[in-house]
Amino acid sequence: MLPVLLLTFLLALAAPALVAWWGRRAFWVLALGPASAAAYALASTERVAAGDLPVSSTPWVPGLDLSIDLRLDTLSWLLLLVVGGVGALVLVYCSAYFSRDAEGTGRFAAVLTAFAGAMIGVVTADDLLLLFVFWELTTVFSYLLIGHYAERKTSRRAAMQAIVVTTGGGLAMLVGLVVLGVSTGTWRISEVVAAPPTGAAAVVATVCLIAGAATKAALVPFHFWLPAAMVAPTPVSAYLHAAAMVKAGVYLVARFAPGFAELAVWRWLVLLLGGGTLLLGGYRALRQHDLKLVLAFGTVSQLGLIVLLVGLESRALALAGLAMLGAHAMFKGALFLVAGAVDVATGTRDMRKLSGLWRTMPVAATAAALATASMVGLPPFAGYVAKEAALEGLWHDATHGGGVVVVVALVAVVVGSVLTVAYSLRFLWGAFGTKPTAADGGAAEPTPVGRRSWLLVLPPLVLGLLGLAAGLTPSTGERLLGPYAASYPAGEPGHLVLWAGLTPALGLSVLVLAGGAVLFWQRRPVERLQGLAWSPRAADLVYRRSMRRLDDLAADVTGATQRGSLPVYLSIILVVLAVAPGAVIASGLLGGSTVVPAAVAWDRPAQAAVVAVVVAAAVLAARARRRLKAVVLVGVAGYGNAGLFLLHGAPDLALTQVLTETVTLVVLVLVLRRMPTYFSDRPLAASRWLRLVLAVVTGAVMMALTFAAPLARVAIPISVDFPEEAVEFGGGHNIVNVTLVDIRSWDTVGEISVILVAATGVASMVFLRQRSGELLRLSRADADGLGPDGHTRDVWIAAGRTVSPARRSVMFEVVTRLIFHAMIVVALFLLFSGHNAPGGGFAAGLMVGIALTVRYLAGGGYELGEALPVQPGVLLGSGLFLSAGVGLAALLTGNEVLESVIIDLTVPVLGKVHLVTSLFFDVGVMLVVVGLVLDLLRTLGAEIDRQSEQRSRPRSTEGVA
């Protein structure tokens, strides 16, 4: 099963390239994915029927005991056959449906194939969490498929509506799955169903599971998203909304029904949702004139019928429901594909504009007739066999003490089946019948037919013939589907037969066919009556108004809280931090439940002196009115923390803190150039005292947390093994750096990814129109230091001449010339020595960044371009690629991802060389940091300089008298 799943997803990844190479013919190759799933199901038929169920378990996240558990039982076998078989036919159909020059075909092919893979995962998953993962993948892929025509507002709205509704149900289902896993102690679906929980856990899980199924299967009141989704391409409607996605909701009900169907809450929910959907969908289908909308509301109705059958506890109804599930996939998939063929050939789906197509499109008409016969329940089709079994089971249970639920279900199925016959005939006549003209009542001219292709009519014809073949072999269906139906808790075993004699079920079938034929015959009076009858507010209107009210509420809340004041935001955060944890700690201290450890004020007097400096700087920063003063004071506090690290024996942290603080100060100073000098024009003495009080309280709470956190630990921290692991696995003695590049390297990859995103965000805010791709470089003469006479002259820095005399400092240029290369050498020393001594790639990158900052401050943007004539994006991308690439390279040596390889060599002259592959990871970190600093200098420095110069230039007076 897992190879089939992987093959489908690999084909999805390759789909854009395949479509680019082979055009529409690539769909034939992509059809191999779902076709292999159907082939696997067929090959496993006898094993499944004999009870020898194929299972597969592959470790996924061993640390969390998560694995990819797959299982193929009768229900999974049937759904896998449906998902794979119909999916393969739909992909073949796509090769003719889309025009050769259609845009987005590659993307569509990839998403549709990936959706098939996700559905394969849904129906074969035997793990609760794995089921949810695949379930949500189908939601995301369906959103992309429904919104395929992204330039159309209706497509975007329908896609958003579908994902909002189904995601909400998916989250509710997740709650139910978690309740089941926790309450039963197992996450295997088969084990949960075999031994379900009882009491409140069962009730909560039942409601949540039904909610998830209702949204996916478009049950009332969530049915409105399915008809709206008909704006999607017809292959999407045929696959997702007839055979696959909506069947996921039915599958969920059928999967858990054997364990929960006897619960009263389950039975009543299934009756109300299934029966209500059956009747409402059929009623709405009678009013539609769009072929796909007739089928869409008909699908809603039939989904309610199937949920009603598989959701009750009767074995006979379960067998009928499974048979109807397979029959529905065949006849409804065929009809959707026929509707697409008609649309492509005539350019319309409006049945009022179609006439006489049974003559000009005979193959499509034949396929539609076969599928319609199965849908209305004519013998000897699969739909007839399933419907007869359903009526027989309901009649038997209703007359043998089945209770009010079964009686109501029987009435709903009979009435709903009458509506099914009526709208089925409406579709067939509307698509292919010869319409009378309005003038004289004669036959209208046949609708002109344009583009045709046998690939548009062959797949629906195959599905229609399969429905006939399945109906002619009911005993085979009973033998294959019976084992799962037998797992239901109550009722007599059902049977699938073509002829059971003169039974009440046969009488009900005749009544259904006659009633449906009369409704179709009187379709115009019925339409007028529906137009005059009162109808409740449409569910889609309720949805749109609810979303509009939600948007208004969000705007009001945002307007009230997002005031545009950074001090207010920070104050709210700090108040919550001080109040919430502070109240807990205070209650523990007052109640005596928290033991306060003995505290030592300081180990040496120097620490107290540094703390005094930090406290004084923090207090003055909180009371400062000038922005620059506050920034400098905050920097003093930061350098003081570096001093504390040094005094506590952490030189690596102290070095990093100093370098980080220096770069931060430079960035803040660059930002302050575009901001007012004062925080406010008013003194606001009271607010300064409030800031000071808030800072003191927050600091006190953080100190208390520092004391309380170690006391709450109940297990030995994993960090106690870091010193030994740093030497054994990381090959270094600097625990801090080895932790960053080896032990916790995944965290570092995430952090440098965030750095890259932050740099991009800063640049997007500074560059006014688009990010400049130009580097500020000097001319050849300026770069060579040539004077006006062409002779070489001495310069301290290359771009000194570009700086205005008022800002130029010769002393600064001299210092820059003297220290720049030394700083680069120090950075390289920190990089190579960081594995065993203070340093590392992060510190080295900061050192290079400070060196670049010095060059920029001395010579401006042109000097920065001469110092490092590289685009920041190249450094950022290369660094991230190098760090992640080293992690993947470890796989080539048989190690885990990001595991270091230690190499000890003896090199002439150099002697013994101790090389660890994490050094290259560290180089990547350094490149990312250098790229970040360079990007900040280009945006907050050089670009702001350029904008300021443009604003300061006098406006042109050309053309002014």
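Computed from a prediction, not measured in an experiment: that's the story for all the values here.

(A) Region of interest: the overall build of the protein chain. The helix and strand inventory of the protein chain stands at 38 helices and 4 strands. Structurally, the protein chain occupies a C-alpha span of about 110 × 85 × 70 Å along its principal axes. Within the protein chain, the proportion of its 961 residues that are buried is 47%. Put simply, the protein chain shows about 45000 Å² of open surface, and 68% of that area lies on carbon and sulfur atoms.

(B) Highlighting the environment of alanine 49. Among the secondary structure elements, alanine 49 is positioned in helix H4 (residues 45-49). Measuring from C-alpha to C-alpha, the distance between alanine 49 and alanine 96 comes to 37 Å, with 47 residues separating the pair along the chain. Apart from the residues lying within four places of it in its own chain, the contact partners of alanine 49 are Arg479, Leu480 and Pro483.

(C) Representation of the nonpolar core in the model. The biggest cluster of nonpolar side chains holds 198 residues, and the ones touching the most others in it are Leu112, Phe115, Trp225, Tyr239, Phe256, Trp266 and Phe432. With 22 residues, the top contributor of residues to this core is helix H16 (residues 315-346).

(D) Structural detail: unusual backbone geometry. The omega torsion across valine 220 and proline 221 is 5°, close enough to zero to call that bond cis. Secondary-structure assignment places proline 221 in the loop between helix H10 (200-216) and helix H11 (225-228). At the junction of proline 379 and proline 380, the peptide bond is cis and its omega measures out at 5° in the coordinates. Unusually for a residue other than glycine, alanine 218 sits at a positive phi of about 60°. Relative to the helices and strands, alanine 218 is located in the loop between H10 and H11.

(E) The arrangement of a nonpolar patch on the surface in detail. A surface patch of nonpolar side chains, amounting to about 370 Å² of accessible area, comprises Val613, Leu628, Val632, Val636 and Val669. Broken down by element, the residue count for the nonpolar patch peaks at 3 residues, all from helix H28 (residues 627-647). Relative to the elements of secondary structure, leucine 628 occurs in helix H28. Judged by its relative accessible area of 48%, leucine 628 falls in the partly exposed class.

(F) Representation of the environment of proline 723 in the model. By secondary structure assignment, the location of proline 723 is in helix H31 (residues 722-728). For the pair formed by proline 723 and aspartate 126, sequence separation is 597 residues and the distance between their alpha carbons is 41 Å.

(G) Representation of the layout of surface pockets in the model. Taken as a whole, the second largest pocket spans an internal volume of roughly 680 Å³. In terms of lining residues, the second largest pocket is bounded by 26 residues, among which Leu78, Leu81, Met330, Leu466 and Ala470 are the most central. The set of elements that each furnish at least two residues to the lining of the second largest pocket consists of helix H3 (32-43), helix H5 (74-97), H16, helix H19 (382-398), helix H21 (454-472) and helix H22 (474-485). Per-element tally for the lining of the second largest pocket: the top contributor is H5, with 6 residues. Here the lining of the second largest pocket is built from residues that sort into 21 nonpolar, 5 polar and no charged.

(H) Expanded view of the environment of arginine 267. Its location among the elements puts arginine 267 in helix H14 (residues 264-285). Remark: the alpha-carbon pair of arginine 267 and glycine 311, spanning 44 residues in sequence, is separated by 7.2 Å. Those residues in contact with arginine 267 that sit more than four places away from it in its chain are Ala261, Glu262, Leu312, Glu313, Gly402 and Val405.

(I) Structural view of H3. In this model, H3 (12 residues) spans 16 Å end to end at C-alpha, consistent with the 16 Å of a helix rising 1.5 Å per residue. Along H3, the residues that are buried comprise Gly33, Pro34, Ser36, Ala37, Ala38 and Ala41. Residues of H3 that are buried in the fold lie against helix H1 (2-22), helix H2 (26-30), H4, H5 and helix H6 (105-124).

(J) The arrangement of empty space enclosed by the protein in detail. Per the stated rule, a full pass over the model turns up 8 cavities of 30 Å³ or more. Computed from the structure, the largest cavity encloses a volume of approximately 80 Å³. Forming the walls of the largest cavity are 13 residues, and the residues nearest its centre are Gln302, Met375, Lys387, Ser417 and Thr420. Elements with a minimum of two residues in the lining of the largest cavity: helix H15 (291-311), helix H18 (362-376), H19 and helix H20 (404-432). Class assignment for the residues of the lining of the largest cavity results in 6 nonpolar, 6 polar and 1 charged. Taken as a whole, the second largest cavity spans an internal volume of roughly 50 Å³. Contributing to the lining of the second largest cavity are Leu286, Ala422, Arg426, Leu519, Phe520, Arg523, Val526 and Glu527. Of all elements in the fold, only H20, helix H23 (504-521) and helix H24 (523-532) reach the threshold of two or more residues within the lining of the second largest cavity. Looking at which element gives the most residues to the lining of the second largest cavity, the answer is H24, with 3 residues. Looking at the lining of the second largest cavity residue by residue, the classes come out as 5 nonpolar, no polar and 3 charged.

(K) Broad picture of the confidence of the model for the protein chain. Residues at a pLDDT of 70 or more form 91% of the protein chain, whose mean pLDDT is 85. Below a pLDDT of 50 lies the segment residues 956-961, which in the model reaches 0 contacts outside its immediate sequence neighbourhood of four places, other chains included.

(L) Looking closely at the packing of aromatic side chains. Within the structure shown, the criterion is met by 10 aromatic pairs. When the centroid spacing of 5.2 Å and the interplanar angle of 90° are considered together, the rings of tyrosine 97 and phenylalanine 98 count as edge-to-face. Among the residues examined, tyrosine 97 registers a relative accessible area of 11% and is labelled buried. Each ring, one from phenylalanine 224 and one from tyrosine 543, has its centre 5.3 Å from the other, and the planes form 35°; the classification is tilted.

(M) Structural view of the pairing of strand S4 (residues 911-916). Note that strand S3 (residues 902-907) and S4 share 6 bridges and pair antiparallel. For isoleucine 902, the partnering residue across the bridge sits in S4 and is valine 916.

(N) The arrangement of the pattern of salt bridges in detail. Considering all chains together, one arrives at 12 salt bridges under this definition. The partner of arginine 71 in a salt bridge is aspartate 73, with the nearest N and O atoms 3.5 Å apart. Judged by its relative accessible area of 21%, arginine 71 is partly exposed. Residue class for aspartate 73 comes out buried when judged on its relative accessible area of 6%. In this structure, arginine 349 engages aspartate 290 in a salt bridge whose closest nitrogen and oxygen atoms are separated by 3.1 Å. Here aspartate 290 lies in the loop between H14 and H15 and arginine 349 lies in the loop between H16 and helix H17 (357-360), a separation of 59 residues in the sequence. Each of the salt bridges in this network shares a partner with another, and the network as a whole consists of Asp69, Asp126 and Arg188.

(O) Local environment of the packing of H16 against H19. Remark: H16 packs on H19, axes separated minimally by 8 Å, with the N-to-C direction vectors making an angle of 155°. Comparing their axes, H19 and H16 come out roughly antiparallel. For H16 against H19, the interelement crossing comes out left-handed. The residues of H19 that touch H16, namely those facing Ala316, Leu317, Ala320, Ala323, Met324, Ala327 and Met330, are Ala382, Gly383, Ala386, Lys387, Ala389, Ala390, Gly393, Leu394 and Asp397. Here the residues of the contact of H16 with H19 sort into 12 nonpolar, 2 polar and 2 charged.

Reading the values: the criteria
- Residues numbered from 1 in each chain as written.
- Predicted model: local features only at pLDDT ≥ 70, side-chain atom pairs only at ≥ 80, totals over all residues.
- Heavy atoms only, no water.
- Helix = DSSP H or I, 4+ residues; strand = E, 2+ residues; numbered from the N terminus.
- Buried < 20%, exposed > 50% of the residue type's maximum accessible area, 1.4 Å probe, protein only.
- Areas by Shrake-Rupley, 256 points an atom, 1.4 Å probe, with all protein chains shown as cover.
- Contact = heavy atoms within 4.5 Å.
- Core = buried A, V, L, I, M, F, W, Y, C linked by side-chain atoms within 4.5 Å.
- Patch = residues over 30% accessible without salt bridge, like charges linked within 9 Å, V, L, I, M, F, W, Y side chains within 5 Å.
- Salt bridge = Lys/Arg side-chain N within 4 Å of Asp/Glu carboxyl O.
- 1 Å grid on protein atoms, 1.4 Å probe; cavity = no way out; pocket = protein on both sides within 12 Å on 5 of 7 lines; lining within 4 Å.
- Points joined across faces, edges and corners; volume = space filled by probe spheres on them.
- Nonpolar A, V, L, I, M, F, W, Y, C, P; charged D, E, K, R; others polar.
- Expected span 1.5 Å × (residues − 1).
- pLDDT = per-residue confidence, 0-100.
- Phe/Tyr/Trp six-rings, centres within 6.5 Å; stacked < 30°, edge-to-face > 60°.
- Pairing = 2+ DSSP bridges.
- Axes fitted to C-alpha atoms, helices over the stretch in contact; angles between N-to-C directions.
- Parallel < 35°, antiparallel > 145°, perpendicular 65-115°, else oblique.
- Left-handed = near helix turned anticlockwise from the far one by under 90°.

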